[in-house]
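Notes for the structure review
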Amino acid sequence: MSRGLKSSDLSAAPTAANQKGSQTPNLQALLRDQSFTTRFLYLAIFPSDSILLVLHPISTSDFTTNHSAPASEAASPVPPQASKPRSRLRRFVGFTSIALIAFTAGLVYQTQKTVSRMMTVTLRTDEETLTAFVPADQFSQEVDEYIRNHPVAVELRENPAFTESRPHLKIPAELRDRHLTAGTLSGPDRIVVPPHVFSEKDGKSLVSIFYLGSAISGHLGIVHGGLLATLLDEGMARCCFPALPNKVGVTANLNIDYRRPAMAESYAVLRAETVKVEGRKAWVEARIETLPKEGEEPAVLVEAKALFIEPKQAAVRLSARENQDPES
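Residues numbered from 1 in each chain as written. Predicted model: local features only at pLDDT ≥ 70, side-chain atom pairs only at ≥ 80, totals over all residues. Heavy atoms only, no water.

What to know about the overall build of the protein chain
- What the protein chain contains, in helices and strands, is 14 helices and seven strands.
- A total of 328 residues make up the protein chain; the buried ones form 31% of that total.
- Excluding contacts between residues fewer than 6 apart, the proportion of contacts in the protein chain whose partners are at least 24 apart in sequence is 68%.
- Summed over all atoms, the accessible surface of the protein chain reaches about 21200 Å², with 57% contributed by carbon and sulfur. (Helix = DSSP H or I, 4+ residues; strand = E, 2+ residues; numbered from the N terminus. Buried < 20%, exposed > 50% of the residue type's maximum accessible area, 1.4 Å probe, protein only. Contact = heavy atoms within 4.5 Å. Areas by Shrake-Rupley, 256 points an atom, 1.4 Å probe, with all protein chains shown as cover.)

What about the sheet that holds strand β2 (residues 196–200)?
- On the basis of which strands lie adjacent, the open sheet formed by seven strands has the order β1-β2-β3-β5-β6-β7-β4 and antiparallel pairing. On the outer flanks of this sheet lie β1 (162–165) and β4 (250–258), each paired with one strand and no other. Ignoring strand direction, the axes of neighbouring strands in this sheet form an average angle of 20°.
- Relative to strand β6 (residues 281–290), strand β5 (residues 266–278) runs antiparallel, the two being bridged by ten bridges. Bridge assignment links T274 to a residue of β6, and that residue is V284. (Pairing = 2+ DSSP bridges. Axes fitted to C-alpha atoms, helices over the stretch in contact; angles between N-to-C directions.)

Section: unusual backbone geometry
- Positive phi, close to 70°, is recorded for D189, a residue that is not glycine.
- In this fold, D189 is placed in the loop between α12 (180–184) and β2.
- One non-glycine residue, D202, lies in the positive phi region at around 65°.
- Looking at where D202 falls in the secondary structure, it is placed in the loop between β2 and β3 (205–212).

Brief notes about the UniProt feature "transmembrane region" (unreviewed entry) in the protein chain
- Here, UniProt's "transmembrane region" (unreviewed entry) annotation points to residues 92–109.
- End C-alpha to end C-alpha, residues 92–109 measures 26 Å, and it is 100% helix and 0% strand. (UniProt positions renumbered as here; feature names shortened; annotations may be inferred.)

A short note on the environment of E289
- Structurally, the position occupied by E289 is in strand β6.
- A relative accessible area of 5% places E289 in the buried class.
- The spacing of E289 and I209 is 80 residues in sequence and 9.9 Å in space, taken between C-alpha atoms.
- With residues near it in sequence (within four places) discarded, E289 still touches A268, V269, R271, P298, A299, V300 and L301.

Digging into the pattern of salt bridges
- A full pass over the atoms with the stated rule returns ten salt bridges.
- The salt bridge partner of D144 is R148, with a shortest N-O separation of 3.1 Å. You can see D144 and its partner R148 sitting in helix α9 (residues 138–149), four residues apart, about one turn around the helix.
- Take R148: its relative accessible area is 28%, and that puts it in the partly exposed class.
- Of the charged contacts in the structure, one is a salt bridge between R238 and E234, with a shortest N-O distance of 3.7 Å. (Salt bridge = Lys/Arg side-chain N within 4 Å of Asp/Glu carboxyl O.)

Structure below.
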């Protein structure tokens with residue numbers, strides 16, 4: 001502990017400071033051993049000796065010793081603050097954003113991949129589709145020959161107003177598996193062979209002949225009504241599209257009346273007719289009936305009416321596609 005200055009020391013200090021320079025180190029040595037408070041009081045009383053602050057600066061250890069916190073407080077560790085858990089809303093928004101970004105990236109990639117495939121594939125002509133079918137088995141071959149040689153098909157083939165084709169075979173093989181009627185619903189025990197389609201020019205009417213197998217039933221042995229609706233929608237659209245300004249449209253309304261059960265493992269005929277066209281709108285009526293044997297009358301299974309509308313942007317898209325591929 002630093003010793004205090006006596007009154008005699010304080011009274012003698014100014015005299016010593018005013019004497020020769022050899023006495024200054026004695027005063028400096030005297031103050032060096034004093035506490036910070038003692039030195040401060042001395043210099044306040046005798047400001048003429050402030051030069052000693054330069055000769056002997058006040059040590060910062062005095063401040064540390066006198067003003068620092070107790071050792072027990074300084075040594076006590078500060079507990080780390082626990083991070084607040086993220087709210088459920090923030091986590092939900094974060095996960096949803098990541099999912100949307102991943103989904104969008106995958107969709108864009110797959111769309112570009114599909115479009116690039118379509119752009120590099122040459123579509124078959126109507127005439128080429130007539131010889132493109134390869135039967136999967138003996139039964140499929142028999143069905144195909146029966147439809148091809150049926151009197152209804154022969155009569156339509158001889159009519160110059162109609163053009164025969166097999167539209168499902170226009171779809172490239174690598175894309176056909178993703179098509180509902182040409183891929184998922186086609187094959188043995190389903191839509192056994194690609195339908196034979198006869199289209200009247202300018203989209204006036206259409207006739208499609210096909211065979212419905214046992215694997216597309218709703219009730220056992222009865223063709224599912226949803227499949228019949230799908231066939232009607234597709235057939236009516238194919239019928240009226242040539243009558244629209246840009247040869248394309250979407251289903252705006254479809255009304256169906258089921259007349260009697262459509263039995264599985266049987267032949268059927270779809271007949272469609274465009275009854276009215278106004279600008280971008282086309283109204284179509286159709287029915288599916290049995291393919292009659294010689295001397296029999298067809299039985300109507302289901303009837304439908306539909307409205308198809310061409311999208312407003314169809315002309316722009318068609319023009320852009322023609323500019324990209326002038327030969328199409």
